[in-house]
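Here is how the chains run, residue by residue.
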Amino acid sequence: MNDVLRAIMERRSIRKYSDRPVEREDIETVLQAGLHAPTGGDAEPWHFGVLTSREMIDALDEKARAAMRATGIERIVAMGENPKYRIFFGAPVVIMIYGEKVLRKTGTHLSALADCSAAIQNMQLAAFSLGLGTCWIGLIRYLFPADRCMAPEGYDPLYAMTLGYSAGPEAIRPRSRREGTVTWF
């Protein structure tokens, strides 16, 4: 199996991180992978915010937990009420992914969500190739409509991605795939 297919098949979401810091050069390489993602109409509707301050990550984690408690969705409320739950799982780096509200190049907002998703996938595969773990945090756009989560003007917070070194093999859960999800015509 080639390296690209291996990365796609073996990458897993990491939900427990070691305290080992991530080198700035590795963070920049991961970001470059995101910047090279495919994008509809060459719009590049993304902006990335990089948090490496433990205090900032913890403060945003607390804001997320408070927002989770206010959702009214039983499962999400329960996570927010759990004093041990951390939406960023103790990762030393969190990358915020913001999408343009209205795309500069097309005047619409139609591809920001898809394009930013492609950017995250690129970043996750790049991180895996560097021996780093990641987890895509999809709740961000639902938790921070008012706070804006440090989004630059003209952008909405869409996702976050944790980045760091796995706390060990026990932090990696095996993944199974659902049957019956492909139909040949």
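Note: the structure precedes this text.
None of these values were measured; they are calculated from a predicted model.

So, how was this worked out
Residues numbered from 1 in each chain as written. Predicted model: local features only at pLDDT ≥ 70, side-chain atom pairs only at ≥ 80, totals over all residues. Heavy atoms only, no water. Helix = DSSP H or I, 4+ residues; strand = E, 2+ residues; numbered from the N terminus. Buried < 20%, exposed > 50% of the residue type's maximum accessible area, 1.4 Å probe, protein only. Contact = heavy atoms within 4.5 Å. Polar contact = N/O pair within 3.5 Å; in protein donor to acceptor, adjacent residues only side chain to side chain. Pairing = 2+ DSSP bridges. Lys, Arg positive; Asp, Glu negative; His and termini not counted. Salt bridge = Lys/Arg side-chain N within 4 Å of Asp/Glu carboxyl O.

Student: Please explain the environment of T39 as it appears in this structure.
Tutor: You can see T39 is positioned in the loop between α2 (24-35) and β1 (46-51). On the basis of relative accessibility, which here comes to 18%, the residue T39 falls in the buried class. For the pair T39 and S117, spaced 78 residues apart in sequence, the C-alpha separation works out to 9.9 Å. Setting aside its immediate chain neighbours within four residues, T39 contacts E44, P45, W46 and D115. A distance of 3.0 Å separates a polar side-chain atom of T39 from the backbone nitrogen of E44.

Student: When you look at the pairing of strand β2 (residues 93-100) in this model, what are you seeing that I'm missing?
Tutor: A regular strand places its side chains so that they alternate between the two faces of the sheet. Within β2, eight of the eight residues are buried, leaving the element largely enclosed by the surrounding structure. Where β1 meets β2, six bridges bridge the pair, whose relative direction is antiparallel. The partner of F48 across the bridge, within β2, is I97. As defined by bridge partners, β2 adjoins strand β4 (residues 155-164) across eight bridges and the pair is classed as antiparallel.

Student: I tried to follow the side chain of D61 on my own but got confused; where do I start?
Tutor: Counting through the fold element by element, D61 comes out in helix α3 (residues 54-69). Despite its burial, D61 pairs with no opposite charge; the closest candidate is R86, at 4.5 Å N-O. Those residues in contact with D61 that sit more than four places away from it in its chain are Y85, R86, I87 and F88.

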